[in-house]
Amino acid sequence: QARGKSRSESIDQIVANARAIAEMGVKEIVLTGVNIGDFGKYLDSQTGRFRRQTKFLTLLHALDAVEGIDRIRISSIEPNLCDDEVIDFISQSNTIVPHLHLPLQSGNDKQLEQMQRRYRRDLYADRVSAIKEKMPHANIGVDVIVGFPGETDEDFAETYRFIQDLDVTYLHVFTYSERPNTPAYAMPGKVPMEVRRQRNKMLTILSEKKRRAFYEAFCGSTRPVLFEKSTHPGQMSGFTDNYLKVE
């Protein structure tokens, strides 16, 4: 309600911003937004309906051609909008890095429907597989919510197993909290807060296991690093293209 209807900046303006950033000597930019996969949509004031002027893929093509930027990182993109064209282009791009963050929220189709998500778990698994097929070295992050109204022990166990079997790297785990004036606020099946915290802890531990396994898979390999800062005398820290922190 506060942010209003979805809207997109023009490609020309975004490219101009990227060029200005490149002139400052900055080597990496991150694309952010509420739902950047929906880029290009605008609200037609006459009809009150959303229309699309361009596509997210068109924006990626334009930014990939900006000189002076070594890396473009996509902050988050919904799985139903991360289509094969986007994945193919990222896999061949000179600047867009193999690091994607795909919000899942739940590995249970019943809850995904309650959350009004525009995808189901099978589609999510398909998108992860498509990314890994093109970019085996890709780092994939996941958003997940625990304790959403109506989430039973069986529902959570299904989410846990689903994520456990996914070839992903890390999780951002959020504990559901009530917000007045939202549809979920009035839903039945409130989950006790202690149960929510316990589920958060279980997924946080799973995340650390997956992250460690991903890091260990690259021991002994060589990847490009963009160093960012000095944390100790004689040391620099930064990230590889696929988001491994290196000192």
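Cut-offs and rules
- For every chain, the first residue of the written sequence is number 1, and numbering continues from 1 along that sequence.
- Since the coordinates come from a predicted model, pLDDT governs what is reported: local features require at least 70, and pairs of side-chain atoms require 80 or more to be given and counted, while whole-chain, interface and lining totals use all residues.
- The basis for every side-chain value is the complete set of heavy atoms in the structure, and neither hydrogens nor water enter the calculation.
- Helix and strand definitions follow DSSP, with helices as H or I runs of at least four residues and strands as E runs of at least two, each counted in order from the N terminus.
- Radius of gyration: C-alpha atoms only; globule rule: 2.2 Å multiplied by the number of residues to the exponent 0.38.
- For the exposure calls, accessible area comes from a 1.4 Å probe over protein chains only, and a residue counts as buried if that area is under 20% of its type's maximum, exposed if over 50%, partly exposed in between.
- Contact criterion: two residues are considered in contact whenever any of their non-hydrogen atoms come within 4.5 Å of each other.
- Strands are labelled as partners when DSSP assigns at least two bridges between them.
- Seen with the strands pointing away from the viewer, any crossover whose path from the first strand over the helix to the second strand runs clockwise is right-handed.
- Geometry of aromatic contacts follows a simple scheme: Phe, Tyr and Trp rings, the Trp one being its six-membered ring, pair when their centres are within 6.5 Å, and the pair is stacked under 30 degrees between planes, edge-to-face over 60, tilted otherwise.

### Considering the overall build of the protein
Scanning the protein from terminus to terminus reveals seven helices and ten strands. For 247 residues, the compact-globule formula gives about 18 Å, and the C-alpha radius of gyration of the protein, at 20 Å, lands near that figure. Viewed in the frame of its principal axes, the protein has a C-alpha envelope of about 55 × 55 × 35 Å. Across the 247 residues that make up the protein, the buried fraction comes to 43%. Put simply, of all contacts in the protein between residues at least 6 apart along the chain, 70% involve residues at least 24 apart.

### Brief notes about unusual backbone geometry
Phi at Q105 takes a positive value of approximately 75 degrees, unusual for a residue other than glycine. With respect to the secondary-structure elements, Q105 resides in strand 5 (residues 99–105). In this structure, Y243 takes a positive phi of about 65 degrees despite not being glycine. Position of Y243 relative to the elements: it lies in the loop between strand 9 (237–240) and strand 10 (245–246). With a relative accessible area of 31%, Y243 lands in the partly exposed category.

### Looking at the pairing of strand 7 (residues 170–175)
Across six bridges, strand 6 (residues 139–146) lies against strand 7 in parallel orientation. Counterpart to V144 in the pairing with strand 7 is V173. With respect to chirality, the unit in which strand 6 leads through helix 6 (residues 153–165) into the neighbouring parallel strand 7 is right-handed.

### Some words on the packing of aromatic side chains
Enumeration over the complete set of coordinates arrives at five aromatic pairs. An angle of 70 degrees between the planes, with centres 5.4 Å apart, marks the rings of F148 and Y176 as edge-to-face. With a gap of 28 residues between them, F148 in the loop between strand 6 and helix 6 and Y176 in the loop between strand 7 and helix 7 (193–216) connect regions that are remote in the sequence. Both residues of the pair, F148 and Y176, count as buried. Here F156 and Y160 contribute two aromatic rings whose centre-to-centre distance is 6.4 Å and whose plane-to-plane angle is 55 degrees, an arrangement assigned as tilted. Remark: Y160 and F156 occur in helix 6; sequence separation between them is four residues, near one turn of the helix. Taken as a pair, F156 and Y160 share a single burial class, namely buried.

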